[in-house]
Amino acid sequence: MTSTTATNILQPLKATPAPSYSYWREEGENSGSEGSNEHSPTQSGTCIDDDELKNYECAVCFEIMDTPVGCGSCQTRFCRPCLEHVAKQGGARPMCSHCRSPFTLESIQVDEALQEEMKNCMETVLCPFRGCGKKIPINAIKLHVVQCDHIKMKCKFSEWGCEWIGKKKDLEHHDNNECEFRNGMGRLVNAIREKTFSQSETIIRMQGTSINQAVDRNTRHMLMARGRNAGNIFDVLAMSYEAVCFPGRFAASKEIWGDMIDPVQHTMRAYAMTFNVLLVFPLILCVGKLPFWMAIDLSNMSSHGIAKHGLAVLWEEFASSIVASVYTLSALFCAMYDGPLETRWTRYAVPGTNKSYPFMRDCTAFFVFLGYYSFVEYMDFWPGIALLLCTLSFTVSFSSCVAAILEKVSGSQADTLKICKMWPIIVFALRYSFLHQVCLFSQALKGVIFLRLARHASVKHLNANFTLEETECFFSAIPPSIYVAIGVAMTAMDIKNGVVKDWMTAVNAWLVGPCFVACFNLLTYVFYWFGQASGDSIYEEGKRNERIQSNNLLPSRRPVFTGVVITFLALFYVVFIVCV
């Protein structure tokens, strides 16, 4: 009942034309009365031949066309508004109302020849409204219909109850003398309209404020998303905390994390970089602590002691810290030098052959192993074992937990963590650092030889989870014959050195290493499965905590219990690294 303009001003009520069915005969007028139009509005009393007039009529509304158009499949012509209305109402496959051929808005064609013919036609027709009787040229009938004083109008208060319908020339008399709304009732209607308009304006302003707040919020989210960097470890940790503790809120506002959780953009580069940073974080944490240890030990040494023992003692005291830092920096350099891809290592051509090989992968794996090895060498036996197991647990379990949640939120494929280029590197380095700490290098090498030969001998029967095939790096590229030669040489050296005295001691010597390797691989698999299961459970629990209000998804701000436990264990690991 109200109307507004672009300037938000309440417009006065106006009379409107009555619908076409309201053409009626005046009181006392019969079909033979002079000046009456006894036929349809556009055909009555024409000065043009009826058959010729039909050429100018729309096949839908049967009025004289303004712009004649066709569907493109038949010769029937329509008003443009009528045919466009048919197209919009026809759904996905609109059809011509005459020939039933399918057409679209784009296929509507203007009949320029007929339009030119109508423009130049000097034939006339009678005004379609009774009582007018004017003869109007074909090309001016539309303009006259709008201006004719005999057009039927409804009172401006028709929506409020006035039932008057009369000719346009009688409208002013009705408004001033007959309409029951001309005095007090009209003022009441205007007061109601003004109040309704004011309330509508208030609602619009409130909605505008809400929209502006939403735009500001989305703008902040966009700026935050543009500022997110998958290579920034603080952004990765913040995202991991949000995903693990508040999965519902994280899923609802996933856009603010940008490409970090988008597995499509940039061929998964930022998405994979997120997991690569998460995998490397424990290494950086471990190696980054060594300078602090070195500074503490140096502060405990007196200047007299340093001068007495010389630089040799300082090097012996801090060699592990310095070497571990150098190895870690070398590993990071190799990973950065390899190229921009975050999901696979670049393969370089092998000279003299047609083969290629990821040399940077093996170099990075070797340097990361030396970094962990040097770090553990700085510690005692049992603290070193505990540190490696905690690092393995955090690296594999927490990373796979975050990966499982991101897979659910982003809809990416499963096991995305394993396609990241740092996954085989970190697991390789942790495995052989642990084995060297537990059973020394010779036993670890025997374990590798035993399992690699077993893998080659029964590929179809030995589960890949038992050997973690994708994390063996250069060990998986060595031919079985080389392993056999190395095994024979190691057995010969053991016999020569008296380590192996009979076949029983030889068997024991070759079983210790494989058992530790198999146990570590099994433990890695269990940690990975635990992280995946925890991530799925956290995501489902987060979905259950969500609630719906006013058709908008409002995630619960209550943290997920399982996620809190996982986060607490991760914080315990960080505290353990810092304080051990």
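Read on for a plain summary of the structure. None of these values were measured; they are calculated from a predicted model.

### A look at the overall build of the chain
Then, in step 1: Helix and strand counts for the chain stand at 17 helices and 12 strands.
Then, in step 2: Relative to its full complement of 580 residues, the chain shows a buried share of 40%.
Then, in step 3: Expressed as a percentage of contacts within the chain between residues at least 6 apart in sequence, the contacts between residues at least 24 apart total 64%.
Then, in step 4: Counting every atom, the chain has about 32,200 Å² of accessible surface; 59% of that belongs to carbon and sulfur.

### Considering the pattern of salt bridges
Then, in step 1: Within this structure, the stated rule accounts for 4 salt bridges.
Then, in step 2: Here Glu 84 ties to Arg 80 by a salt bridge, and the two come within 3.4 Å at their closest N and O atoms. You can see Glu 84 and its partner Arg 80 sitting in helix 2 (residues 80–89), 4 residues apart, about one turn around the helix.
Then, in step 3: The residue Glu 472 makes a salt bridge to Arg 431 at a minimum N-O spacing of 4.0 Å. One end of the pair, Glu 472, is in the loop between helix 14 (464–467) and helix 15 (480–496); the other, Arg 431, is in helix 13 (residues 422–457), with 41 residues separating them in the sequence. Like Arg 431, Glu 472 is buried.

### Examining the packing of helix 12 (residues 381–410) against helix 13
Then, in step 1: Their axes nearest at 10 Å, the elements helix 12 and helix 13 cross at an angle of 160°. The orientation of helix 12 with respect to helix 13, classified from their angle, is roughly antiparallel. Relative to helix 13, helix 12 is oriented so that their crossing is left-handed. Here Phe 381, Gly 384, Ile 385, Leu 388, Leu 389, Thr 391, Leu 392, Thr 395 and Val 396 of helix 12 lie close against helix 13, whose contacting residues are Trp 423, Ile 426, Leu 430, Ser 433, Phe 434, Gln 437 and Val 438.

### Quick word on the sheet that holds strand 2 (residues 68–70)
Then, in step 1: Across the sheet, which stays open at both edges, the 3 strands sit in the order 3-2-4 with antiparallel pairing between neighbours. Here the strands that pair on one side only, and so sit at the sheet edges, are strand 3 (78–79) and strand 4 (109–110).
Then, in step 2: Across 2 bridges, strand 2 lies against strand 3 in antiparallel orientation. Along strand 3, the bridge assignment pairs Pro 68 with Cys 79.

### So, the environment of Glu 407
Then, in step 1: Counting through the fold element by element, Glu 407 comes out in helix 12.
Then, in step 2: Assessed through its relative accessible area of 10%, Glu 407 is described here as buried.
Then, in step 3: Considered as a pair, Glu 407 and Gly 535 are 128 residues apart in the sequence and their alpha carbons are 9.5 Å apart.

### Re the packing of aromatic side chains
Then, in step 1: Across all of its chains, the model carries 17 aromatic pairs by this definition.
Then, in step 2: For the ring pair Phe 281 and Phe 394, a centre distance of 6.0 Å and an interplane angle of 55° mean the geometry is tilted. Of this pair, Phe 281 sits in helix 9 (residues 269–300) while Phe 394 is found in helix 12, placing the two residues 113 residues apart along the sequence.
Then, in step 3: Residue classification places Phe 394 among the buried positions, given a relative accessible area of 7%.
Then, in step 4: For the pair Tyr 432 and Phe 475, a centre-to-centre distance of 5.2 Å together with 70° between the ring planes defines the contact as edge-to-face. With a gap of 43 residues between them, Tyr 432 in helix 13 and Phe 475 in the loop between helix 14 and helix 15 connect regions that are remote in the sequence. You'll find Tyr 432 and Phe 475 in the same group, each marked buried.
Then, in step 5: Each residue in the set Phe 281, Phe 394, Phe 398 and Tyr 573 is aromatic and connected to the rest through ring pairs, giving one cluster.
Then, in step 6: Just above the ring of Tyr 528 sits the side chain of Lys 418; from NZ or CZ to the centre is 4.4 Å.

Thresholds applied
Within each chain, residue numbers correspond to sequence positions counted from 1 in written order. The predicted nature of this model means local features are confined to residues of pLDDT at least 70 and side-chain atom pairs, given and counted, to a pLDDT of 80 or more, with totals for whole chains, interfaces and linings taken over all residues. Excluded from the side-chain calculations are hydrogens and water; all other atoms, namely the structure's heavy atoms, are used. Helix numbering and strand numbering both begin at the N terminus, where a helix is a DSSP run of H or I of at least 4 residues and a strand a DSSP run of E of at least 2. Working definition: with a 1.4 Å probe on protein chains only, accessible area under 20% of the residue-type maximum means buried, over 50% means exposed, and in between means partly exposed. Residues are treated as being in contact if the distance between any of their heavy atoms lies within 4.5 Å. Throughout, the Shrake-Rupley method with a 1.4 Å probe supplies accessible areas, and for residues the shown protein chains are the sole cover considered. Should a side-chain nitrogen of Lys or Arg be within 4 Å of a carboxyl oxygen of Asp or Glu, the pair is scored as a salt bridge. Simply put, an axis is a line fit to the C-alpha atoms, just over the touching stretch for a helix, and the angle between two N-to-C directions goes from 0 to 180 degrees. Note on angle classes: values under 35 degrees are labelled roughly parallel, values over 145 roughly antiparallel, values of 65 to 115 roughly perpendicular, and the remainder oblique. Left-handed describes a crossing whose near helix is turned anticlockwise from the far helix by less than a right angle; the clockwise case is right-handed. DSSP calls a pair of strands paired once it identifies at least 2 bridges connecting them. Ring pairs are drawn from Phe, Tyr and Trp, using the six-membered ring of Trp, whenever the two centres fall within 6.5 Å, and their geometry is named by plane angle: stacked under 30 degrees, edge-to-face over 60, tilted for the rest. For a Lys NZ or an Arg CZ to count as sitting over a ring, it must be within 6 Å of the ring centre and within 35 degrees of the ring normal.

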